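Residue-level structure breakdown
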Amino acid sequence: MSTDESQPTDSATASASARPADTPRSLAEALRSRADDALAGLLHARPDLLNPVPTDLTQLATRAGTRASVVRALERLDRFAQQVAQTLAVAPEPTTYDEVLVLLAGDDGDPAVAKALPRALGTLHEQALVWGPDDRLRLVRTARELLAPGPQHPSPTGLGPTVAEATAGMSPTRIQDIVAAAGLPTTHDPVSAVQSLTALFTDRARMSALLDQAPAESVEVLSRLVWGPPYGQVTADPARHLRWLLDRGLLLPTAPGTVVLPREAALHLRAGRAHRAPEPTPPPVVAARDHRPQVVDATAAGQAYTALATVEELLKEWDEGGPAVLRAGGLSVRDLKRTAVALDLPEPLAAFWVELAYAAGLVASDGEADERYAATPAYDEWQELPAPERWAALATAWLSATRTAGLIGGRDGKDRTLSALGPHLDRSAAPEVRRRVLVLLAGLPEGAEPDADSLLARLRWERPSPAAQDLRSRIAGWTLNEAELLGVTGRGALSTHGRALLGVDDTEAPGGDAPARAAAASRHLAPLLPQPLDHVLLQADLTAVAPGPLERPLAEALAVLADVESKGGATVYRFTPGSVRRALDAGQSASDLHAFLAAHSRTPVPQPLAYLIDDVARRHGHLRIGAASAYVRCDDEALLNEILADKRSQGLRLRRLAPTVLAAQADPGALLEGLRSMGFAPAAESAEGDVLITRAHAHRTPPRSAPEPVPEGPPVPDDTLIAAAVRAIRAGDLASTAPRKEVHETPSGSLPRTTSAETLATMQAAVMTGEAVWIGYVNAEGAASQRVIAPVRVEGGFVTAYDHTADEVRTFALHRITGVAELADDE
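Just so you know, these numbers come straight off a predicted model, no measurement behind them.

The next point concerns the packing of helix α14 (residues 216-225) against helix α15 (residues 240-247). Two elements in contact, α14 and α15, have axes separated by 8 Å at closest approach and are oriented at 70 degrees. Between α14 and α15, the angle is such that the two are roughly perpendicular. The crossing of α14 and α15 is right-handed. Seen from α14, the contacting residues are E217, S218, V221 and L222; seen from α15, they are H241, L242, W244 and L245. Its residues placed into classes, the contact of α14 with α15 shows 5 nonpolar, 2 polar and 1 charged.

Right under this line is the structure:
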């Protein structure tokens, strides 16, 4: 691919005499003059240029000018940098810094534009979208093609073609007529006529005098076209005011029935501005209201505690095996509704917590034939961590996850419903937007809640690409809500532990890696969370009140013995016959339950609760159910008679086998539930006649890793890789540009070709003289390259040499060297 960035154009060659000797002729030459740190900055800003590593700077310049790479680079510019690029696309080529400043600031000037232009132009230079010194600035050809005005792709500036472009297909007679009508002397050729008309339109005084003669209707037409679009429709017999504009070239025909306002005329009417409203500075994020930082931290800590409780409740709900995995992947709508009911949350919030647990690696599919979601072994490890560290693990996973819960319930590009835990929820922009939103919050005073509209306006300025704006705006809105749910923010303002999580305004881990930031956040959060309690308050109405979070063993035991009635700052548990029977089924005895309550209650055990436990325990296991088909046995014949006489037992189809044994056609589980619904307290027994103890079976997946975030475009390379790439590109450029003696039968730009004998003789001579030589080499994979080497030893069919291209000593097989040439002597 040949571009103007890698090779000089004819026009550049023609103007060489007017260009200083040190002015680069191409983008490749401009890159060649850069320092290594500037090249590293280019590769960091545009990582797509690194795959694969360019062999030299010419190839790097060519790749930087490809359409896909330029489009990606333009989309990642802020609004003012884009406006500068758009201005360069409508400016003459090459242009000067002062001309760009006038096009952006207008005739009257704009101090804000003048102050911001060096930064924006520096960004374009750094990303190799602009090259050349300030007196000869050039926009890369591909960017000019993308941004220049055209009928099919109008410029964001609203400008049209120049006079020269619009009159390119016009007859010479018509051009001379326009020149004469504009009050200019006719010329001997159309080129000079177009130049004369252009000079008129760019002369402020003469152009103003011409427009002073225009009818009012003509001026009205120009005012409608001046800020774009510059195209209009006319009939075959235009009105008098339109004819006045057409005769003087203020409207030029581009197609039958279509006219355009020339760029030079539009710029005069705009007072020299290429953009109607330049935006040199980002819009500020303003505070909607202020809160005391202590209130923000306390609110955020409360939300953090609720987040931990919600995730634990979700995983407890799925402890014995969660919902089935859909064939296409993900959670069904019905299962999401059931989960939302179990968590007592709206479905979108339930979907968020499910996705968060998945992103943190706490939930995954079990991989069985009947695939279901379940907790992972990492969940058990997570449960053992202190509460602040558990929260930091969730918050860190949320901050870096590309999975976007806000999309759940919507439709993808193929009109498929996006389901929770489904395969199409990754959005690579999500981590960047989340972090940017929180960083903008961190820029406000402590305790300040942002105005959402100003926050979105700032994000749109920083990334104004229309294709990405809608998604980024939605992710920003979801981020504000999710950060509040998770406890990163409190009352809309960023909390102290939220700042530590970002690594800003923190003396413990400023800008550190993710583990260090998570540790700092957990240290800030720890004093704000309530300490787990080892007691409850028993009440006479068969309830227990936990005035705060309970220690894990106490909470787990109490969850078996009682049912949760309400949650909040304090949790209320209710004791029922069913809950007490559940504890007895789990292997506890009445004395165990009495001892447990006495040990963990700050109030005496109420008499009604003690009676309830004793009453249920007295009846528990009196009836025994086992697996024959199913049977009921009891030493009390009267109790079996009572069961047979009860009409509610007809569905179980019981019959007496012996005075103390009843048989049923229902299975043991159905028989057990049926008798319990009738008010009895049967116990299941094994085939040996022992009472079965029912304990919850915790279903776990095999070891699973958390889902990896999906990067946006090529991954950002680290400093080590960039430094190695810069060295390789420099060395390759040295090999390709090193002056060398001509080699016979070697076309320009190709590998040198010499016979085996000549190659061997030249190598041996280079070893003796210690000089470097230029070789062509084909490696084992068949890839050809040019190298500059300094041979050290030649033996056994191999050359040991210092390779300037790789900056190391290497061994080359002689039979893979296509040819060798001596480097030219320095001047």
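There is more to say, and it comes next.
For the rest of this paragraph, the subject is a negative patch on the surface. A grouping of D98, E99, D134 and D135 is seen on the molecular surface, where their side chains present a negatively charged patch. Relative to the helices and strands, D98 is located in helix α7 (residues 97-105).

Moving on to the nonpolar core. Membership of the largest hydrophobic core comes to 68 residues, with the highest contact counts inside it found for W391, W398, L438, L486 and V488. With near-sequence residues (within four places) excluded, W398 lies in contact with F352, L356, R434, L438, T479, E482, A483, L486 and V488. Within the second largest apolar cluster, 47 residues are counted, among which are L50, A64, V70 and W131.

Strand order in this open sheet of 5 strands is β24-β23-β22-β21-β25, and the pairing throughout is antiparallel. Edge positions in the sheet fall to β24 (808-813) and β25 (817-822), since each has one partner strand and no second. Across the sheet, the mean angle from the axis of one strand to that of its neighbour is 45 degrees, orientation sign disregarded. Relative to β24, strand β23 (residues 798-803) runs antiparallel, the two sharing 6 bridges. Within β24, the position partnered with V799 by the bridge is F812. In this fold helix α34 (residues 756-769) packs onto β21 (773-778), β22 (784-795), β23 and β25, with an angle of close to 65 degrees to the strand it touches most, β22.

Our focus in this paragraph is the pattern of salt bridges. Summed over the entire model, instances satisfying the criterion amount to 37 salt bridges. Here D335 makes a salt bridge to R338, at a shortest N to O gap of 3.4 Å. Of this pair, D335 and R338 both sit in helix α18 (residues 333-343), 3 residues apart, roughly one helical turn. Judged by relative accessible area, which is 13%, D335 ranks as buried. Across the pair E795 and R793 runs a salt bridge whose closest N-O atoms are separated by 3.1 Å. Taken together, the salt bridges that share partners define one network made up of E93, R138 and R144.

Before going further, it helps to spend a moment on the sheet that holds strand β4 (residues 252-255). In sheet architecture, strand pairing relies on hydrogen bonds along the backbone and comes in two forms, parallel and antiparallel. Strands sit in the order β3-β5-β4 across an open sheet of 3 strands; the sheet is antiparallel. Of all the strands in the sheet, the pair left with one neighbour each is β3 (231-233) and β4. Along the sheet, successive strands turn relative to each other by an average axial angle of 40 degrees, direction set aside. Bridge count for β3 against strand β5 (residues 258-260) is 3 bridges, and the pairing is antiparallel.

A few words now on the environment of A209. For A209, the location among the structural elements is in helix α13 (residues 204-212). Sequence-wise, A209 and A663 are 454 residues apart; in three dimensions their C-alpha atoms are separated by 113 Å.

Another aspect to go through is the side chain of S454. Positionally, S454 belongs in helix α23 (residues 452-462). Given the relative accessible area of 11%, S454 is considered buried. If near-sequence neighbours (up to four positions away) are discounted, S454 is found in contact with P284, V285 and V286.

It is worth spelling out the confidence of the model for the chain at this point. For the chain, per-residue confidence averages 85 on the pLDDT scale, and residues scoring 70 or more make up 91% of the total. Here residues 506-510 is modelled with pLDDT under 50, and outside its nearest four sequence neighbours on either side it reaches 11 contacts, counting other chains as well.

Note on placement: L494 falls in strand β11 (residues 493-494). With a relative accessible area of 5%, L494 lands in the buried category. Sequence separation between L494 and L441 is 53 residues; the distance between their C-alpha atoms is 6.1 Å. If sequence neighbours within four positions are ignored, L494 has contacts with V296, L438, L441, A442, V488, T489, R499 and L502.

So, how was this worked out
- Residues numbered from 1 in each chain as written.
- Predicted model: local features only at pLDDT ≥ 70, side-chain atom pairs only at ≥ 80, totals over all residues.
- Heavy atoms only, no water.
- Axes fitted to C-alpha atoms, helices over the stretch in contact; angles between N-to-C directions.
- Helix = DSSP H or I, 4+ residues; strand = E, 2+ residues; numbered from the N terminus.
- Parallel < 35°, antiparallel > 145°, perpendicular 65-115°, else oblique.
- Left-handed = near helix turned anticlockwise from the far one by under 90°.
- Contact = heavy atoms within 4.5 Å.
- Nonpolar A, V, L, I, M, F, W, Y, C, P; charged D, E, K, R; others polar.
- Patch = residues over 30% accessible without salt bridge, like charges linked within 9 Å, V, L, I, M, F, W, Y side chains within 5 Å.
- Areas by Shrake-Rupley, 256 points an atom, 1.4 Å probe, with all protein chains shown as cover.
- Salt bridge = Lys/Arg side-chain N within 4 Å of Asp/Glu carboxyl O.
- Lys, Arg positive; Asp, Glu negative; His and termini not counted.
- Charge placed at Lys NZ, Arg CZ, Asp CG, Glu CD.
- Core = buried A, V, L, I, M, F, W, Y, C linked by side-chain atoms within 4.5 Å.
- Buried < 20%, exposed > 50% of the residue type's maximum accessible area, 1.4 Å probe, protein only.
- Pairing = 2+ DSSP bridges.
- pLDDT = per-residue confidence, 0-100.

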